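Residue-level structural notes
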Amino acid sequence: MNLLIQLRTPTEMSSYEGCALALTLATFGHQVQLYLDAPVFGLLMQPKSRLHGMIQSLELYDMPAAWLPDDVFSGWVTGMLPNDLAAQLTFVPEVVDTQYFDQILTF
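Residues numbered from 1 in each chain as written. Predicted model: local features only at pLDDT ≥ 70, side-chain atom pairs only at ≥ 80, totals over all residues. Heavy atoms only, no water.

Summarising the element assignment, Pro64 is placed in the loop between α3 (50–56) and β3 (66–68). A residue is classified by how much of its surface remains accessible, and Pro64, at 37% relative accessible area, is partly exposed. Those residues in contact with Pro64 that sit more than four places away from it in its chain are Val32, Gln33 and Leu58. (Helix = DSSP H or I, 4+ residues; strand = E, 2+ residues; numbered from the N terminus. Buried < 20%, exposed > 50% of the residue type's maximum accessible area, 1.4 Å probe, protein only. Contact = heavy atoms within 4.5 Å.)

Printed below as a string of structure tokens:
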């Protein structure tokens, strides 16, 4: 199953639940793509937040880099994050075929 999980809510609990679901599904062989919207950037900037640590571990779950919106805030946040975390992030492709995903979930 191919899933897109969008994290859009600026609360740690919602972001944690969405990211935990993504990591769990990836563990069981599902193809999961995370999308982090600007409201969760504050959580990424906090080294002790759950989201910060979970995004660092995407590679361990064979997940692709999380997508960020292609805007000024995304460029700023990637420049401010530690290199190991920034390496797990990339800009959303210019063209996204939503038909590729069996489900799109938003938290």
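In this section: the packing of aromatic side chains. The way to describe two aromatic rings as a pair is by their centre distance and the angle between their planes. Evaluation of the coordinates by the stated rule reveals two aromatic pairs. Ring plane angle 80° and centroid distance 5.2 Å describe the contact between Tyr100 and Phe101, whose orientation is recorded as edge-to-face. Using a relative accessible area of 10% as the deciding quantity, one classes Phe101 as buried. Through pairs of rings, three or more aromatic residues link up here, namely Trp67, Tyr100 and Phe101. When the ring centre of Tyr16 is taken as reference, the NZ or CZ atom of Arg50 above it lies at 4.4 Å. (Phe/Tyr/Trp six-rings, centres within 6.5 Å; stacked < 30°, edge-to-face > 60°. Lys NZ or Arg CZ within 6 Å of the ring centre and 35° of its normal.)

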